[in-house]
Amino acid sequence: MKPAYTYGGQAVIEGVMMRGPATRAVAVRCPDETIVVDQKPVRDPARRFPFLKWPFLRGLVVLIDSLIIGIEALTYSASQAVGEEEELSTREIFFTVATALLLGVLLFIVLPTAATHFFAAKVKGSIGQNLVEGVVRVGVFLIYVIAISFMKDIQRVFQYHGAEHKVINAFEAGEELTVENVQKYSTFHPRCGTSFLLIVMVVSIVVFSLSGYKILWWRILSRVILMPVVAGVSYELLKLSGKYYRTLWCRIMIAPGKWLQKLTTREPDNGQVEVAISALKAVLKDGEASV
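Residues numbered from 1 in each chain as written. Predicted model: local features only at pLDDT ≥ 70, side-chain atom pairs only at ≥ 80, totals over all residues. Heavy atoms only, no water.

The name given to the protein chain in an unreviewed UniProt entry is DUF1385 domain-containing protein, with the source organism recorded as Desulfofarcimen acetoxidans.

A short note on the sheet that holds strand β2 (residues 15-19)
For clarity, the cut-off: Note: two strands are recorded as paired if DSSP finds a minimum of 2 bridges between them. Numbering of helices and strands starts at the N terminus; helices are DSSP runs of H or I of at least 4 residues and strands are runs of E of at least 2. Convention adopted: a line fitted to C-alpha atoms gives each axis, helices being fitted over their contacting stretch, and angles between N-to-C directions are expressed from 0 to 180 degrees. The contact rule is simple, with two residues in contact once any of their heavy atoms fall within 4.5 Å.
Taken in spatial order, the four strands make up an open sheet running β1-β2-β3-β4, and their pairing is antiparallel. A strand with exactly one partner marks an edge of an open sheet, and here the two such strands are β1 (8-12) and β4 (35-41). Between one strand and the next, the sheet's axes are offset by a mean angle of 15°, whatever the strand orientation. The pairing of strand β3 (residues 23-29) with β4 spans seven bridges and is classified as antiparallel. In the strand pairing of β4, R29 is matched with I35. Here helix α2 (residues 58-81) sits on the sheet and contacts β1, β2, β3 and β4; the angle it forms with β3, its principal contact strand, is near 30°. Strands in contact with helix α10 (residues 270-283) are β2, β3 and β4; relative to β3, the strand with the most contacts, it is inclined by about 160°.

Topic: the environment of L111
The following threshold applies: Here's how the labels work: a residue is buried when its accessible area is under 20% of the maximum for its type, exposed when over 50%, partly exposed in between, all with a 1.4 Å probe on protein chains only.
Among the structural elements, L111 can be located in helix α3 (residues 90-119). A relative accessible area of 42% means that L111 is categorised as partly exposed. Between the alpha carbons of L111 and V136 there is a distance of 9.0 Å; along the sequence they are 25 residues apart. Discounting chain neighbours no more than four positions away, the residues touching L111 are L106 and V140.

Some details on the nonpolar core
Here is the rule we go by: Within this scheme, the nonpolar core is defined by two criteria: the residues are buried Ala, Val, Leu, Ile, Met, Phe, Trp, Tyr or Cys, and they are joined through side-chain atoms within 4.5 Å.
Ranked by size, the top nonpolar core spans 23 residues in total, and within it Y7, M18, V167, L177, V182 and L280 carry the most contacts. Mapped by element, the contributors of at least two residues to this core are β2, β3, α5 (152-172) and α10. Apart from residues no more than four positions distant in its own chain, M18 is found in contact with G8, G9, T23, R24, A25, E164, V167, I168, A276, A279, L280 and V283.

Describing the side chain of S234
Considering the arrangement of structural elements, one finds S234 in helix α8 (residues 216-243). Judged by relative accessible area, S234 falls into the buried class, the value being 0%.

So this is what it looks like as structure tokens:
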């Protein structure tokens, strides 16, 4: 039976974070080889403000919420991985999220837009300009991912990323969550955040074309203003790809994301899969824990 809730998560330092309908759990392998699990209730602003669940608006809400939860999970996992107890305050989380967003804007909006503006002036028309800009943006992203993939610590994070996908795939297939069963599954998953980022970059080519060809400061500002639209449309496409990924048209659409996930996932060892299983079991709803 297909799960009623769409579970998901992310890789962290020496562990995995999984999110369920009511809680999120971070499972981390400690230096003494034990697994610790930190479980906390999920803050869902849409329960208080139902309009936040509207299509095209929910994508932005999910993106911001995931960023906050992800930074909390990374902070906890980093402290556990080195045997320390430390948590970020609300103020520190706010500034960390703000810094991450600013760096993202600079790297994936300002840099590609400025580079296209100055070096592709011979390209006529907003569609051509935005196509060049989109190619530059994807290129910057690929260079960034490839560059960090050479770091030893990031390689282990990518292994935990693979473990997270394997566990979700096994669970959604109705398998009992054992290391042996989980290892049979693929490290690819259609709802992966890596695929989401690629969809964002493709959608941005179309959406940013609406702003036309203007002076540099307006091109940059318009892209920042339109990012909620891009995020909303991209999220809906990601939801569709997760629902219909077995169809031919959808497999064609998600193929680039699948190729990209080969860069951000690695085959995990049994110990890493065990950690991912611990994280998912901690957030399963009643009646699903035995699956």
